[in-house]
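# Report on the structure
These are the residues of each chain, in order.
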Amino acid sequence: MGRVLILGNSSGGLFDFRNEFVEALLKENQVFVSVPDDVKTKELTEEGCQVIQTSINRRGINPVEDLKLYRTYHNMMKELKPDLVVTYTIKPNIYGGFCAGRLKIPYITTITGLGGAFDRTGLLLQLIIHMYRAGLKKAACVFFQNEENRSIFQKFGIMGKKERMVMGSGVSLPRHPYEPYPERDETHFLFVGRVMKERGILEFLGAARKLHGDKVFFDILGYCDEDYQEMLEECEKEGVIRQLGFHTQVHSYLADASAIVVASFHEGMSNALIEAAATGRPVIASNISGCMEAFEEGRTGFGFTPGNTEELIQAMEKFLRLSHEERAAMGRAGREKMEKEFDRELVTAAYMDEVKKVLA
């Protein structure tokens, strides 16, 4: 059996969006999982993974904390002696990749999104570029989830030994089956994701303040990742929004919504969008890479410019003018698109193809 070490920043993200890949690895390998939390570690352990809890500061650059993370990864790899390291998200990609490269351990990296990293300028941008180059240059394969991210890396000369494109993490069609469109005389716009500026929470709240009413509701599903909780509570008291909190099982909330809203400024590939479309729900989404691939304008949803509250309101108003039958047809078209293009089995097969090449 081979020994595979997975480095990530969320056990929930690994289990919810990549578990089919983990299951495929477990058939022929020992799998070690390094994550900072315990949201889904029980499930991963029961499947057969050996979980190593590793503290990660997901936000910002703190030299002391990042050096500690690098040393932790280095010692972990020296002790476990994995045959392959698989990394997801920014810090595991950079520090895990650098450690694996120095120890001459093959590794596969996935760029799940860039956030605002490459919006920086000057010395900070140069530092980010240097760190990415060091972390990825010896990767056996770098997986990208949209063409824009790949072009940015090519522009700055950030390259592994090979590149490959996948449709995000794909969507688990069995876990997100098609659901008939809700039969009711109400519209529920559902914001899905972490509550933070880069996810478009301010634009969503702006639209909610203008459009909410007796039959138009605005719900938020996700935890507050920045200092917006007081603002959310004020809006909720005024009847503008409803907070649903953070949930690891989201399918029933997607099924209950009229349309899902993703207002992000940056995405690798929006899992919220593809899960909503698989469920049969129209989407209203930012016209950015990582979202545009997941919907078709006027057929499965409506797009708008991120950061533009008025455009978001206009997209919602277009949706509000649709009949029940038109909304349901939009949802069915979204499901068809997911079945043809975003089936997670296709993504898992692409990863296992690269894994087998390395372990061979």
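Above this note sits the structure.
Structure report, in brief.

Strands belonging to one sheet form pairs held by backbone hydrogen bonds; the direction of such a pair is parallel or antiparallel. One open sheet holds the six strands; their spatial order is β10-β9-β8-β11-β12-β13, and the pairing between them is parallel. One side of each edge strand has no neighbouring strand; the edge strands of this open sheet are β10 (242-245) and β13 (301-304). Taking the axes of each pair of neighbouring strands and ignoring which way they run, one obtains an average angle of 25° across the sheet. Here strand β8 (residues 187-192) pairs with strand β9 (residues 216-221) via six bridges, running parallel. Of the residues in β9, the one forming a bridge with Thr-187 is Val-216.

We now examine the side chain of Arg-344. As for its position among the elements, Arg-344 is in helix α13 (residues 344-359). Accessibility expressed as a relative area gives 2% for Arg-344, which makes it buried. In this structure the side chain of Arg-344 is engaged in a polar contact, spanning 3.2 Å, whose partner is the side chain of Glu-20. Sequence-distant contacts of Arg-344, defined by excluding residues within four places in its chain, comprise Asp-16, Phe-17, Arg-18, Glu-20, Ser-169, Gly-170, Val-171, Ser-172 and Arg-175.

Taken as a whole and judged by the stated rule, the model has 21 salt bridges. Between Asp-66 and Lys-91 there is a salt bridge, with the nearest N and O atoms lying 3.0 Å from each other. Here the residue Asp-66 occupies a position in helix α3 (residues 63-80), and Lys-91 occupies one in helix α4 (residues 90-102), the gap between them amounting to 25 residues. Of the two residues, Asp-66 and Lys-91, neither departs from the other in class, the shared state being buried. A salt bridge links Glu-341 to Lys-337, with the nearest nitrogen and oxygen atoms 3.1 Å apart. Of the two residues, Glu-341 and Lys-337 are both situated in helix α12 (residues 324-341); the distance of four residues between them amounts to about one turn of the helix.

Under the defined criterion, the tally for this structure stands at one cavity of 30 Å³ or more. Of the volumes computed, that of the largest cavity is approximately 90 Å³. Along the walls of the largest cavity sit Phe-17, Arg-18, Glu-20, Phe-21, Tyr-88, Gln-145, Gly-168, Ser-169, Arg-344, Val-347, Thr-348 and Tyr-351, which together make up its complete lining. If you list the elements that add at least two residues to the lining of the largest cavity, you get α1 (11-26) and α13. The residue makeup of the lining of the largest cavity, split by class, is five nonpolar, four polar and three charged.

The rules we used
Residues numbered from 1 in each chain as written. Predicted model: local features only at pLDDT ≥ 70, side-chain atom pairs only at ≥ 80, totals over all residues. Heavy atoms only, no water. Pairing = 2+ DSSP bridges. Helix = DSSP H or I, 4+ residues; strand = E, 2+ residues; numbered from the N terminus. Axes fitted to C-alpha atoms, helices over the stretch in contact; angles between N-to-C directions. Buried < 20%, exposed > 50% of the residue type's maximum accessible area, 1.4 Å probe, protein only. Polar contact = N/O pair within 3.5 Å; in protein donor to acceptor, adjacent residues only side chain to side chain. Contact = heavy atoms within 4.5 Å. Salt bridge = Lys/Arg side-chain N within 4 Å of Asp/Glu carboxyl O. 1 Å grid on protein atoms, 1.4 Å probe; cavity = no way out; pocket = protein on both sides within 12 Å on 5 of 7 lines; lining within 4 Å. Points joined across faces, edges and corners; volume = space filled by probe spheres on them. Nonpolar A, V, L, I, M, F, W, Y, C, P; charged D, E, K, R; others polar.

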